[in-house]
Structure formats: structure tokens, C-alpha cells
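Spelled out, the chains give:
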Amino acid sequence: MPAPTHSQNGYTVIGAVNGPIEVQRRDEIPDEAAIEVNVRPATGIGSPKERHIEHILTALLRNIILTHDYPRTLIQLTLQILSVPATHSTLPSSSSLPILPALINTAYATLLAGSIRLSTTLTAVLVAVPKSELEAVAQKGSSHVFAFDGRGEAVLVHSEGKKFEIEEWEQACEAARGCVLG
Amino acid sequence: MPREAELSLNEREFILQALRENVRLDGRAFDDIRELQLSFGDEYGVADVRLGKTSHNPFPDRKFDGIFTISTEFSPMASPAFEVGRPTEAETLLSRLLEKAIRRSSALDTEGLCIIAGLKCFALRADVHVLDHDGGLVDAACIALVAALRHFRRPDVRVEGENVTVYSVREREPVPLSLLHHPLCVTFSYFNGGEVVLVDANLVEEQVREAEVVVTMNRHGEVCQVAKYGGLPIDALALLNCTNVALAKVQMLDKVIQQRLEEDAKRRDKGGLMAELNGDTLHKDDDRLDRTTDWLAWVSEWIEKAIGLTVGVVAQRYAVRCMGVSEGGTGRGKARARALEEGEGETVRAM
Amino acid sequence: MPLDTSTYSLALLRLDGRRWNELRRIHAQISTQAAADGSSYLEMGNTKVICTVTGPAEGRRTAQGAGQECRVEVEISVAGFSGVERKRRGRADKRTQEMQHTLTTAFSSILFTHLYPHSTIILTLHVLSQDGSLLAACLNAATLALIDAGIPMSDYLCACTAGSTANEDTDEPLLDLNGLEEQELPFLTAGVLGDSDKVAVLMLETRVRVERVEGMLAVAVDGCKRVRGILDAVVRAHGRRMVEEGV
């Protein structure tokens, strides 16, 4: 079982994929593979926050994995967070963005290592837009996660933060695209 | 949930026949333990154990209430047969064995976690993450847990009446947990009607064994726990012999853990305490900034650190002057460093 | 391993007036529940257990356990009123689960499971009163119930506990601990197969010097043999009664 480890923004995540394997009757889909993502925090047991992230990832990966190639099976992805940066505890507990890029990129690497057929590549990055330096400290800016596929199209956009303008968002999107696609 | 793939009859017979001819599939002697790889994370209290392909990663962290808890939750990462949210029998047994080996044998002095009796205490939580499963789960989990507990440092506290000051890692050197002894598990597996005894069986060997005995001991020759859950009946004298073998193995493992801990301590101590106080912290953080993209979070931390450090440096100079020692003197002993630290801690709190 | 009775001269009486190598009163009955395939009621001192056996019958989860050997399933329920404090132990209680696992694996290797492929034997135990040696009482009760059910097994599995007085200079072993002694002293539970010295179950949960384990185990193994004598007498008496009554 391949287990790629990936670090980003101080978060280290190890991933493992099982699949295609036998699926439980209630989860079975007749013409495509069911996808199960398990996100496990470094400390404690999973909370609604992890369930929320799992939901995002499942929806994202369903578009990337060629699920129709594996009908009536299960692709089971486990992402174990190994370490978080010291600043993690200062973030609001509801914030799921900082960890998201590390999880997405690990998921992608894991699927590659597990020889699961994919329709395209996947890369994610976190962009933070501060209002001004002082406000940034008080976390009044906004932060965004963008994931792009191989054609450079955004496949996942998640934003958090206080109010932000559409121009800021576009700026952030361009910055992310530049970062990811070079 | 798919079931664990069972061994075929041929595989089963092959392993047993090899054992009859005194051969283990991975070439080890019968009483050999797989090579132990033990590494520690950047933070205190993270240990990564690899025993063959089995690996663990406990991460003690502190919360605000309760006592010492050990959490073992299997994820499908180790084996697809482990389902999330539904504990398997193996998981229950592992958690029971760890509980008996470490908690019931009072390896951790939980009184040392108490701050004010009945009012405040530290709560220690150890999460055992099984990353891969190739047999010897109990042994590896126990090594990981003990290593993590020995590696872990809790923040220092000071009690004045009912007021408790918890010093952050930057203010005061965190203190290690008080461990009364270091229990370690050794699992014996019996084959061929009890004629063949293996130490540290791997997954395939575990699947064909007829009985298992888990012995937990510490290096002082105390048995903390013995568990033989049924299986093939074994002669009483042979069982007693297990404890002798276990003692030798435990002493060997304990030495390896000790050695790794010392290596890690050396690695951490590189700059030394004084170097850190003299402003190295800033440089170290600068490096980290470059790597991080989530700068919202780090800017706040950086500013907080910078303020803390400035106050610290001022306090340090003040303390040094009061003590009548010239700044930057040669006596960079630990006692002095501690005195400086204390001064700093108080000033920060006074603000 | 014969016992050395010369240490009787120590005359060290225990809390309940027993000597160090005395068992508590064991009272056992078999065929207590007419509806079950096999049943038993066992008292070891104040520890009281009822056990019923259902099967061998078609398993509930045939798809999963379809093997060449029968499965042994064990359910232990501990009554809320069984201990000193009224406390409900749920099904998910890890100690109970561990005991269930112990009984399952112990009897899986002692019963002739290969005679009943694709079937399940269900052991249901109810703990009515607890006063030490709970695991031992469960094992003994299950042995009796399985004999009553007529399921072939290689020999009796008899269990008892042995402890060791904590006094450092005199290492006196004690046989068959009661609840109070269990809380104070290091002890082990051993389950021995028939008249042999072969140990099927061994559980030690308290920290103790390795040298003291040997004495405790020797006393426990000897105690198990005496328990076997008692259980055997119960089975024989029941058999005689059945012949006399022509049931």
C-alpha cells in the first residue's frame, strides 16, 4: 500500500488509498465507483469539521477519478494529519482552509501512487488577502483555497473571512493560478 | 467493509512447514525482533515507530480537564478491514492491553499532572494512529506510547495560592513527565502444538499462529501484565520461560529508546538555551516565514513573539544587572540561564 | 505441582477465615434452564454466574463466518446490582468485551469445532453477583454449560485465581482471591485444561516482581485441578440422577 506524505503550510499529511475494493451493499453505485474519504486529525477523534472537509474532498475527487472505470466498487482514501504548525491553535476552530491544500495535494499524490485512473491532475493552493497589515494580524482579511486541474481550470474554490470584494477574489484567483501553473 | 484477506491453504502450509524446518519467512531467528525504527517529530511528544511495516504515531497533547487517556482508533489506512467509527475486536483489545500495560501499572505518575488538588490538573491525551499493520500491533503501539511519553514535555507552572501561571514553552523550559517505570510489550506466538515459539510475529505469522501471549515488563524485572486469551494450551513452565525471554527483549528495546531519546535531545540542544535567548529565535522564525504561505497566522505570531522577546531581553539585561554580573560573561551555566528565565517570566506576566 | 502443606504451620488466616490454599465454597448446578441446549449455575464464594448455551445452530451471519469450523460467540451481561455499587456496565464496556474475547478464543480451541461446520455456538452469561474471580467463574460456568449441551471438547477448562501477599520478605501465595483481596493484591487468573499442567488462559493485570509469578502460577494451576474435581463431581452427580430418574 503506497503512503505518500506531503507537507504544505506547515501541515504534514500522510495518505493511503485502498481500491478498487468490495463495497457495502448500501453504498454501491451500479455504474461507477463509490468514493470514501476519511480525514483523521493529528489529535483527538474526528469532529464535524473533519466531516465537512471529507464532504468537500469527496465531491472534488468524484470529478477527478474516472469512477465509471470501476463500477460497483469502493475507492477508500484515508488522509491522516501528522503534524500541524504551532499557529494552528490560534486559528478559529471553524476554519478549515489552511489544511485544505495539503489534504488535496496529498490526496492527489496518493491516488497517483495507488494507480487509480484519473481524468486530470489536481493542484491546490491557499491565498490570503490582507486588507492592510494591521488588519491582517487581527485576521480581518480573507483567505481562499483554489484547486486547478491540468487545463488550468479552477475545480474548487473555497473562501473564508470577513467581507471581501469581487476584485480581491479575482486578484487572489490570478495569484493562485500563477503560483500553480507557473 | 471488506474482510481481511485470509491466507490460502498453500500459504498457511508453507509458513508452517518452514517453521518446522526452523526457518522464518523473513529470515529472522525465532526470538528476533524486527529492526526498530524510532523517530521523533519537531514537537515534543510525537514518536514514530516502525517495526517491520507496522508503524504508529502517537501524539500526546494537553487539554483542560480529565486525566490521562489513551485513544486508539484504527483507520482504513492500516488495513481496509478497519472501518471508521466501528471498533473492531482488535482495536478493543489493543486499547485494553495498553490501558493495562501503561495505566494500570501506573507507569505515568498521574499525581505529577496535578496542579492544585481537586481544582486544576493537566489532562494528557495520547492518540495512537496506526499507519500500517504488519503484525506486532501491541508491541509497536506500546513502544510508541512509552517513547512519546518519555519525549513529551509539559509546560511549566507556578502556583501562588489559587493563582496558577502556566508558562509557555518560550518563557520556561517545559518539564518532562514523571514516569515511574517504562513498560514494554513482547508478544509470543505459538505454532505446531506449542513446539515453535516466535517473538514479534509479522502479519502472516499472526494469521496462522495457534496461541499468543502478550507479556508486558519493565527493565527492572517487573511483570506489568500477562495476557493469554485462550488459544492452544501451553505448559505452565514454558509460560514462565516467556517472562525471562521478555525481560531480555524489554531491556534491549529500552536501550534503543533511550539512545534515540538522547540523540533527539542532542539535536534539540544545538543552539543551547542562551543562543535562543540572544535573538536566535528571530532568525529561526525568519526561515519558517519563507516556507509558509499562510502568513495571516504567522504575522500575528511573529509580532507576539517579537514583543515577548523584546520584553524578555530587557528583563534579562535587568536581571543580569541586578545580579551584578557583566553582560555576555563567560558563565553561561544552566543555573544562570534559569535565573534569567524566571526574571523574564515574571516581567511578562506583570505586563 | 503438589502443594507443600508444611506451610500450614504459618496459620495465616485470611479475611474470610480461609487458609492461604483454600478455595471458597463452589456450588454448581447444571441443566438449570430447560429451554436452553445447555445451562449451568455456578457460585464461587459470593460470585454468582448463570450460563446458557445455544447451538450448535445455523449462524446468524452465515455469509461472514462460513468456515469449516463452528464459531463460538459469547455474550456476557453484568447485572447492575452485581457489585457493591450499583453500576450499569453497557455492552460496549471494554472489560466485558475482553472477557468475551477470552472465552471465545479459549473455547474455540478446546471444543471440537471441526465437527460442526457452518454453525455457531452461542454462550450467554449473566453475572448476578461479583466478589472476585469473575473471569474464572465465567470460564467454569461455561465449561459446565457446554458439557450439559453435549458439545464434544477435549477436557474440562477449569479456572481459578491466585494472588501473592504484598509483604516483601515473605512471598506467600494465596489461592482463590475474593473481591477485597483482588483490589489489594497482585493476582492472576489461570485456566487449565483438565488434569494437565497446560494453561489455556492466563491473565495478569497487576504489576508484580517476575519471581513472584512462578509461585502464583503454581498455586493457581493446583487450584484449577481442585476446581476440576469439584466440577467433575457435579457432572457425575447430575448424570447419576438422570439415569435414576430415567430422563
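Reading the values: the criteria
- Residues numbered from 1 in each chain as written.
- Chains lettered and ligands numbered in written order.
- Predicted model: local features only at pLDDT ≥ 70, side-chain atom pairs only at ≥ 80, totals over all residues.
- Helix = DSSP H or I, 4+ residues; strand = E, 2+ residues; numbered from the N terminus.
- Buried ≥ 20, exposed ≤ 12 C-beta atoms within 10 Å, placed from the backbone.
- Contact = placed C-beta atoms within 7 Å.
- Pairing = 2+ DSSP bridges.
- Axes fitted to C-alpha atoms, helices over the stretch in contact; angles between N-to-C directions.
- Nonpolar A, V, L, I, M, F, W, Y, C, P; charged D, E, K, R; others polar.
- Core = buried A, V, L, I, M, F, W, Y, C linked by C-beta atoms within 7 Å.
- Expected span 1.5 Å × (residues − 1).

Student: What should I look at first to understand the overall build of chain C in this one?
Tutor: The helix and strand inventory of chain C stands at five helices and 10 strands. Scored against the burial criterion, the 247 residues of chain C give a buried share of 48%. Put simply, of all contacts in chain C between residues at least 6 apart along the chain, 71% involve residues at least 24 apart.

Student: For this particular structure, what's the right way to read the overall build of chain B?
Tutor: In terms of regular secondary structure, chain B is built from eight helices and 17 strands. For chain B, buried positions account for 39% of its 351 residues. Residue pairs at least 24 apart in sequence account for 73% of intrachain contacts in chain B once pairs closer than 6 positions are excluded.

Student: Would you explain the sheet that holds strand E4 (residues 74–83) of chain A in this entry?
Tutor: Whether parallel or antiparallel, the strands of a sheet pair through hydrogen bonds between backbone atoms. All names here are of chain A. Spatial ordering of the open sheet is given by E1-E2-E4-E3, a layout of four strands whose pairing is mixed. A strand with exactly one partner marks an edge of an open sheet, and here the two such strands are strand E1 (5–8) and strand E3 (34–40). The average undirected angle you get between the axes of adjacent strands in this sheet is 20 degrees. Relative to the sheet, helix H2 (residues 100–113) contacts E1, strand E2 (11–21), E3 and E4, its axis offset from that of E2 by approximately 40 degrees.

Student: Hey, could you run me through the interface of chain C and chain B in this one?
Tutor: Accessible area lost during the coming together of the parts is what is often quoted as the interface size. Contacts between the two partners involve 28 residues from chain C, matched on the other side by 28 residues from chain B. When contributions to the side of chain C that touches chain B are tallied by element, the ones reaching two or more residues are helix H2 (94–110), strand E8 (187–193), strand E9 (198–204), strand E10 (208–209) and helix H5 (210–245) of chain C. Residue composition of the side of chain C that touches chain B, by class: 14 nonpolar, six polar and eight charged. Of the strand pairs in this sheet, strand E16 (residues 222–228) of chain B and E9 of chain C are connected by three bridges, and their pairing is antiparallel. Its bridge partner being in E9 of chain C, Ala-227 of chain B is matched across the sheet by Met-203 of chain C.

Student: Explain the nonpolar core to me, please; I cannot follow it from the model alone.
Tutor: What tends to happen in soluble globular proteins is that the nonpolar side chains get buried as a cluster. The biggest cluster of nonpolar side chains holds 189 residues, and the ones touching the most others in it are Leu-103 of chain A, Leu-145 of chain B together with Cys-138, Ala-142, Leu-188 and Ala-190 of chain C. With near-sequence residues (within four places) excluded, Leu-188 of chain C lies in contact with Val-226 of chain B together with Thr-161, Ala-162, Leu-202, Met-203, Leu-204, Met-216, Leu-217 and Ala-220 of chain C.

Student: Where do I start with the pairing of strand E2 (residues 38–44) of chain C in this structure?
Tutor: Along a regular strand, successive side chains alternate from one face of the sheet to the other. Residues and elements named next belong to chain C. The buried count for E2 comes to six of seven residues, which makes it a mostly enclosed element. Relative to E2, strand E1 (residues 26–30) runs antiparallel, the two being bridged by five bridges. Paired with Ala-28 across the bridge in E2 is Leu-42. Where E2 and strand E3 (residues 47–58) come together, seven bridges link them in antiparallel fashion. Across the sheet, residue Leu-42 finds its bridge partner in E3, namely Val-49. Linking two consecutive strands that pair antiparallel, namely E2 and E3, is a turn of two residues; a positive phi of about 65 degrees is found at Gly-45 within it.

Student: Got a minute to help me understand H2 of chain C in this structure?
Tutor: Since the α-helix advances by 3.6 residues per turn, residues separated by three or four positions end up pointing in the same direction. Taking 1.5 Å of rise per residue, the 17 residues of H2 of chain C would be expected to cover 24 Å, and the 24 Å separating its terminal C-alpha atoms lies within 8% of that figure. Listed as buried for H2 of chain C are Thr-96, Glu-98, Met-99, Gln-100, Thr-102, Leu-103, Thr-105, Ala-106, Phe-107 and Ile-110 of chain C.

In short, geometric facts, not functional conclusions.
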